[in-house]
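# Summary of the model geometry
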Amino acid sequence: MKVILDGIKEAIRLIFNFDQEIMEVIFLSLKVSFISLLIASLIAIPLGIIIAKHQFRFKSILMRLIYTFMGFPPVLCGLFVFLLLMRNGPLGSLQLNFTVPAMIIAQVLLIIPIIMGLTISACKNRYSEVEMLAKTLGANKFETFKLTLFELKSGLLMAIVSGFSRSISEVGAVMLVGGNISGETRVMTTYISQLKSMGDYERAIAVGIILLIISFIANSILYHFQIKEGK
């Protein structure tokens, strides 16, 4: 127990001293996660609303695929992106493996199904009400879309936060395509894994605490909006 407490004390000291290496890893993690989240949201939310709104052939199969990929193993996603970007792969000429863009691509592919699936779930029970309200107000298609985003903001925010949580805590895919290169592609999760193998538990605990704080802040924002909308 004393060893654990000493490790936590040292971890807290590292955090409050703004250890340069830890700060670099945190900023890169946030950069990769936020860019991935933005790209994935711009793709997944409109597509999720369209899928929820329309009935079409093979929709049930598409839904099953989306829900399947919501739980897609990150290491398989990372392997797929790595093979796609490897020197002899279809996109090998781009030379993106072991770079930040490769990590972003992997994370986008991972979180698109999550955001899309949760968007569909948020829309399918309420979209008809929103559409009826839009018609009553004389809204055009674009105004209807904006009204949909506003009326379903709580469910959409849940989808976005869930995507962010998956992105910030992911290790398998970014390890494969990023390589955990110091100062270039090292993020919090891969750094913790490396520190554990090196026996540097104090620094690993410090990064882990920060990762928990970031997750707490993201979920607190979601909780605040849910409580506010429930009033």
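We now turn to the structure provided with this report. Keep in mind the model is a prediction, meaning the values are calculated, not measured.

### Examining helix α4 (residues 74-85)
With twelve residues, α4 should reach 16 Å at 1.5 Å per residue; the first-to-last C-alpha distance of 16 Å fits that figure. The elements touched by buried residues of α4 are α5 (100-124) and α9 (172-178).

### Section: the packing of aromatic side chains
Within this structure, the stated rule accounts for three aromatic pairs. A cation sits over an aromatic face here: K153 above F150, 4.2 Å from the ring centre.

### Quick look at the environment of S215
Note on placement: S215 falls in helix α11 (residues 201-230). In sequence terms S215 and R126 are 89 residues apart; their C-alpha atoms lie 29 Å from each other.

### So, the packing of helix α2 (residues 20-53) against helix α8 (residues 153-169)
The interhelical angle for the contact between α2 and α8, taken along N-to-C directions, is 140°, at an axis separation of 9 Å. Judged on the interaxial angle alone, α8 and α2 are oblique. Here α2 and α8 pass one another in a crossing that is right-handed. Residues S29, L30, S33, F34, S36, L37, S41 and I45 of α2 form the contact with α8, whose participating residues are L156, I160, G163, F164, S167 and I168. Its residues placed into classes, the contact of α2 with α8 shows eight nonpolar, six polar and no charged.

### A closer look at the nonpolar core
Ranked by size, the top nonpolar core spans 58 residues in total, and within it I22, I115, M116, I120, M188 and I210 carry the most contacts. Excluding anything up to four places from it in sequence, I22 contacts L14, Y191, R203, A206, V207 and I210.

### With respect to unusual backbone geometry
Although it is not a glycine, F58 sits at a positive phi angle of roughly 70°. Here F58 shows up in the loop between α2 and α3 (59-70). Despite not being glycine, Q95 has its phi angle at roughly 55°, a positive value. By the element assignment, Q95 lies in the loop between α4 and α5.

Conventions adopted
Residues numbered from 1 in each chain as written. Predicted model: local features only at pLDDT ≥ 70, side-chain atom pairs only at ≥ 80, totals over all residues. Heavy atoms only, no water. Helix = DSSP H or I, 4+ residues; strand = E, 2+ residues; numbered from the N terminus. Expected span 1.5 Å × (residues − 1). Contact = heavy atoms within 4.5 Å. Phe/Tyr/Trp six-rings, centres within 6.5 Å; stacked < 30°, edge-to-face > 60°. Lys NZ or Arg CZ within 6 Å of the ring centre and 35° of its normal. Axes fitted to C-alpha atoms, helices over the stretch in contact; angles between N-to-C directions. Parallel < 35°, antiparallel > 145°, perpendicular 65-115°, else oblique. Left-handed = near helix turned anticlockwise from the far one by under 90°. Nonpolar A, V, L, I, M, F, W, Y, C, P; charged D, E, K, R; others polar. Core = buried A, V, L, I, M, F, W, Y, C linked by side-chain atoms within 4.5 Å. Buried < 20%, exposed > 50% of the residue type's maximum accessible area, 1.4 Å probe, protein only.

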